[in-house]
Amino acid sequence: MIFTKFFVISCMNSSAPMIPFLRSVAMEIVSLYGSDLHDFCFVLPGKRATLFLNKYLSEIIRIRAGRQAMRRERPMMMTLAEFTEKLAGKRTGSALELIFTLFKAWKTVSAKNTDFEKFRSWADTILSDFNEIDLHGVKADDIFRNIAIHNEISTDYLNNEQRNVIAKYFGVHRLDTDTSKMWMHFQSGSDTQQRYLELWELLSPLYHAFIEALDSEEFTYQGNLCLKACDSLERNGIGALPARHIVIVGLDMLSASQLRLLSLLRDLPPHSSGAPV
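Bear in mind the structure is a predicted one, so any value in this text is a computation, not a measurement.

Caption draft 1: Main features of unusual backbone geometry. If you check the backbone angles, Met253 has positive phi at about 50° while not being a glycine. Here Met253 shows up in the loop between strand S6 (245–249) and helix H10 (256–266).

Set out below in C-alpha cells:
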C-alpha cells in the first residue's frame, strides 16, 4: 500500500510561546507520528532551517526512544530549491552553463554574427527576465509581444540596468518618460532603432529556442525547474515524490509557480493498490 500525506506548517500555537518555531514543529511531528520518520521528507526555506529542524528532531526522538533512536534512519531534509530539482529531474545550472546555452539558442534565432563577449554583457538581463516570466507563471509570448507599434513602449518600464544597456549599445543616454517621445531619441529609420526593435522581437523566439536547448541538458534555471516540477506532479502524481510523507515547513514569499507547485501537492489524492487508505 502506498500512502502520502501533505502538511503545510507556517505557524503553530504553543502553550510555551518561547519555544523556537522549528522545535515546536519537531515536537508536533514526533507527537503525531512517533520516532520512526524514515519515510518523511521535510521541505524548508533554506539550509540553516534544515539543520535546526534535524537537530530538534534528533533531540526529541532521543529523549522519547532512547538509544534505539540512534539506529533509526533519519528523515530527508530538503530546501525548496532542492525539492524542486528532485521533482523536475534536473539541477540548477551555473551562470556560465546557462549563458553558453543561451548563446547557442541566440545563434539559432539571429541571423547576425554576434560576438560572445558582447552578448554576455546583456545575457544576464535576459536570463533574469526569462526566470521572472516562469516564476510568475506568465506566457513568454504575451510578454515579448510584437512591438512594431512604437508608442506601446514607455521608458517607464526600464530599470537602471536596462537604461545602461541601451546607453552602451544603442547610444542613447537621456531617456524621456513620455511614451509619445520614446522613439524621438532615435533617428527615424536609423540603424539604432532597427537594432533595438530586432532585439525585442527576437526575445520570444529566443525564449522558446532556449527552453528547447535546455530540454537536452541536465540543468536549467530556477523558474523553469519550477514549471518542470509542476509538470512532473501532474503526470506522475505521488510517484514523483521522494518520500511517502511530505512536510512543508515555514515557506513564505512564494512566486506564482511555487504556489502552483504547493497547490498540486496539496491536491494529490492518496493512492493505494486497489484498497482504500
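Caption draft 2: Layout of the packing of helix H4 (residues 95–109) against helix H5 (residues 116–135). Across the interface, H4 lies against H5 with an axial gap of 9 Å and an inter-helix angle of 105°. Classified by the angle their axes make, H4 and H5 are roughly perpendicular. Residues Leu96, Leu98, Ile99, Phe100, Leu102, Phe103 and Trp106 of H4 pack against Phe116, Phe119, Arg120, Trp122, Ala123, Asp124, Ile126, Leu127 and Phe130 of H5. Taken together, the residues that form the contact of H4 with H5 break down as 14 nonpolar, no polar and 2 charged.

Caption draft 3: Spatial organisation of the nonpolar core. Membership of the largest hydrophobic core comes to 27 residues, with the highest contact counts inside it found for Leu102, Trp106, Phe130, Leu206, Phe210 and Tyr221. Elements that contribute at least two residues to this core include exactly H4, H5 and helix H8 (191–215). Sort the elements by how many residues they give to this core and H8 lands first, with 9 residues. Discounting residues that sit within four places of it in the chain, Leu206 has contacts with Leu102, Ala105, Trp106, Val109, Ile126 and Phe130. Formed by 22 residues, the second largest nonpolar core is a distinct cluster that contains Met78, Cys230, Leu251 and Leu262.

How each quantity is defined
Residues numbered from 1 in each chain as written. Predicted model: local features only at pLDDT ≥ 70, side-chain atom pairs only at ≥ 80, totals over all residues. Heavy atoms only, no water. Helix = DSSP H or I, 4+ residues; strand = E, 2+ residues; numbered from the N terminus. Axes fitted to C-alpha atoms, helices over the stretch in contact; angles between N-to-C directions. Parallel < 35°, antiparallel > 145°, perpendicular 65-115°, else oblique. Contact = heavy atoms within 4.5 Å. Nonpolar A, V, L, I, M, F, W, Y, C, P; charged D, E, K, R; others polar. Core = buried A, V, L, I, M, F, W, Y, C linked by side-chain atoms within 4.5 Å. Buried < 20%, exposed > 50% of the residue type's maximum accessible area, 1.4 Å probe, protein only.

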